[in-house]
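Spelled out from the first residue to the last, the chains are:
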Amino acid sequence: MLVFLKLGGSLITDKDKPQTARFDVIHRLCDEIAAARSQLPAMKLILGHGSGSFGHNSANQYGTYQGVRTASDWLGFAEVWRDARELNQIMIQSLFQAKLPVIGFPPSALVTARNRQIEHWDLQNMQIALESGLIPVVMGDVIFDLEIGGTILSTEELFQHLARKFKPNRILFAGRDEGVWEDFPHCSRLLSNVTPQSFRLVRQSVQESASVDVTGGMLLKVNSMLDLVAHQPDLQAQIFSGLQAGNLQKVLAGSQIGTIIQNFFLPANASND
């Protein structure tokens with residue numbers, strides 16, 4: 001069993017207050033991951049996390065996502081890298097405190113893009129890390145780009161690329177929302193299942209993000225996962241809230257809470273646990 005898990009930036013930071021980590025939430029989530037691994041020792045993990053109020057605010061200030069060309073742009077590129085790395089260090093330290101055998105794979109040092117599409121990423125060392133029982137950690141990061149100088153790739157975009165190589169069984173997104181809302185921002189109708197066919201009917205109602213998010217927020221998550229499940233029919237993605245204590249551990253153990261994204265509908269009595 002290989003699971004990709006993203007801890008969303010809106011969950012681990014206060015996305016509306018620059019460079020504000022939610023340390024209590026981070027420590028609890030790391031403990032829940034450790035507990036789930038004790039329950040399921042055969043489970044392999046690749047972890048990712050968003051930049052939240054660290055990287056997104058500086059990225060928005062400099063327009064790094066759209067490209068990097070001038071000296072001022074490159075200064076912004078470096079500042080976004082610094083901010084993303086600061087949160088990554090907080091995450092790595094907390095994961096180690098939970099006695100999780102993590103090792104960082106910073107995309108800014110390993111990935112080359114061309115016009116925002118990954119062109120090169122040597123994954124041999126990540127493969128060795130997985131086979132050795134380690135937990136690779138990636139995050140949304142600045143990326144050198146052969147066409148537009150530089151850009152930003154989200155964890156979702158990185159997971160898309162990694163999924164084609166490693167073929168995970170599940171991709172999990174722990175965020176602040178309970179799942180995908182059909183009627184954002186009213187948030188009264190939660191979509192328990194999303195398939196490539198059903199999403200066409202509700203796409204206009206799905207939000208991007210209520211806070212600063214230069215990479216697309218919820219809409220990017222759903223679109224990127226629909227693309228993957230269309231090509232990998234056995235893959236299941238799941239979007240759920242990590243704010244409620246115990247949710248992450250339950251989902252890692254198989255609980256079907258939140259929104260399930262896959263190529264077919266779950267039976268009504270199996271969509272939640």
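See the structure above.
Cut-offs applied
- Numbers given for residues are sequential positions, taken from 1 along each chain in its written order.
- Selection of residues for local features in this predicted model requires a pLDDT of at least 70, selection of side-chain atom pairs for listing and counting requires 80 or more, and totals for whole chains, interfaces and linings are taken over all residues.
- Excluded from the side-chain calculations are hydrogens and water; all other atoms, namely the structure's heavy atoms, are used.
- Each helix is a run of H or I in the DSSP string that is no shorter than four residues. Each strand is a run of E no shorter than two, and both are numbered from the N terminus.
- Radius of gyration here uses only the C-alpha atoms, and the compact-globule reference equals 2.2 Å multiplied by the residue count raised to the power 0.38.
- A 1.4 Å probe rolled over the protein chains alone gives each residue an accessible area, and that area as a share of the maximum for its type sets the label: buried under 20%, exposed over 50%, partly exposed in between.
- When checking whether two residues touch, look at their non-hydrogen atoms; a contact exists if any pair is within 4.5 Å.
- A positive count includes Lys and Arg, and a negative count includes Asp and Glu. His and the chain ends are not counted in either.
- We put the charge of a Lys on NZ, of an Arg on CZ, of an Asp on CG and of a Glu on CD.
- Take a side-chain nitrogen of Lys or Arg and a carboxyl oxygen of Asp or Glu: if they are within 4 Å of each other, that pair is a salt bridge.
- Site definitions follow a grid-based scheme: protein atoms alone, a 1 Å grid, a 1.4 Å probe that fits but cannot get out for cavities, and for pockets an open set with protein on both sides within 12 Å along at least five of seven lines, plus lining residues having an atom within 4 Å of a point.
- Grid points are joined across faces, edges and corners, and a volume is the space filled by probe spheres set on the points.
- Note that Gly is not counted as nonpolar here; it falls among the polar residues with everything else outside the nonpolar set of Ala, Val, Leu, Ile, Met, Phe, Trp, Tyr, Cys and Pro and the charged set of Asp, Glu, Lys and Arg.
- DSSP-based pairing: two strands are paired if at least 2 bridges between them are found.
- Each axis is a line fitted through C-alpha atoms, taken for helices only over the stretch in contact, and angles between the N-to-C directions span 0 to 180 degrees.
- Should an angle lie under 35 degrees it is considered roughly parallel, over 145 roughly antiparallel, and from 65 to 115 roughly perpendicular; all remaining angles are considered oblique.

## Some remarks on the overall build of the protein chain
If you tally the helices and strands in the protein chain, you get ten helices and 14 strands. The C-alpha atoms of the protein chain give a radius of gyration of 18 Å, which matches the 19 Å a tight globule of 273 residues would have. On the principal axes, the C-alpha backbone points of the protein chain span a range of 55 × 45 × 35 Å. In the protein chain, which comprises 273 residues, the share counted as buried stands at 57%. Within the protein chain, contacts between residues separated by at least 24 positions form 74% of all contacts whose residues are at least 6 apart in sequence. Charged side chains of the protein chain number 23 positive and 26 negative; the gap between the two group centres comes to 3 Å.

## Let's talk about unusual backbone geometry
In the Ramachandran plot, Q19 falls in the positive-phi region, its phi being about 55° despite a non-glycine side chain. The residue Q19 is located in the loop between α1 (9-12) and α2 (23-39) in this model. The class of Q19 is partly exposed, set by a relative accessible area of 39%. Backbone geometry at K99 places phi at a positive 65°, although glycine is not the residue there.

## Comments concerning the pattern of salt bridges
The full count for this structure, using the stated rule, is nine salt bridges. Close ionic contact of K6 with E156 constitutes a salt bridge, the shortest N to O distance being 2.8 Å. With a gap of 150 residues between them, K6 in strand β1 (residues 2-7) and E156 in helix α7 (residues 155-166) connect regions that are remote in the sequence. Using a relative accessible area of 7% as the deciding quantity, one classes K6 as buried.

## A closer look at the layout of surface pockets
Volume-wise, the second largest pocket comes out at about 220 Å³. Around the second largest pocket, the lining residues are N115, R116, Q117, I118, L153, E157, Q160, H161, R164 and L220. Counting residues per element, the lining of the second largest pocket draws most heavily on α7, at four residues. Its residues assigned to classes, the lining of the second largest pocket comprises three nonpolar, four polar and three charged.

## What about the sheet that holds strand β8 (residues 149-153)?
Read from one edge of the open sheet, four strands run β5-β4-β7-β8, paired in mixed fashion. Only two strands of the sheet have a single partner each, and these edge strands are β5 (117-121) and β8. Across the sheet, the mean angle separating the axes of adjacent strands is 45° when strand polarity is ignored. For strand β4 (residues 111-114) and β5, the ladder comprises four bridges, and the chain directions are antiparallel. By the bridge assignment for β5, A113 is matched with I118.

## Description of the packing of helix α3 (residues 52-62) against helix α4 (residues 71-97)
At a minimum axis separation of 8 Å, α3 and α4 run at an interaxial angle of 175°. Taken as axis vectors, α3 and α4 run roughly antiparallel relative to one another. Touching F54, G55, S58, A59 and Y62 of α3 are S72, D73, L75, G76, E79, V80, D83, E86, L87 and I90, all from α4. Partitioning the contact of α3 with α4 into residue classes produces seven nonpolar, four polar and four charged.

## Topic: empty space enclosed by the protein
A full pass over the atoms with the stated rule returns one cavity of 30 Å³ or more. Contributions of two or more residues to the lining of the largest cavity are made by β2 (44-49), α4 and β6 (135-139). With three residues, β2 is the single largest residue contributor to the lining of the largest cavity. A per-class count over the lining of the largest cavity returns six nonpolar, two polar and no charged.

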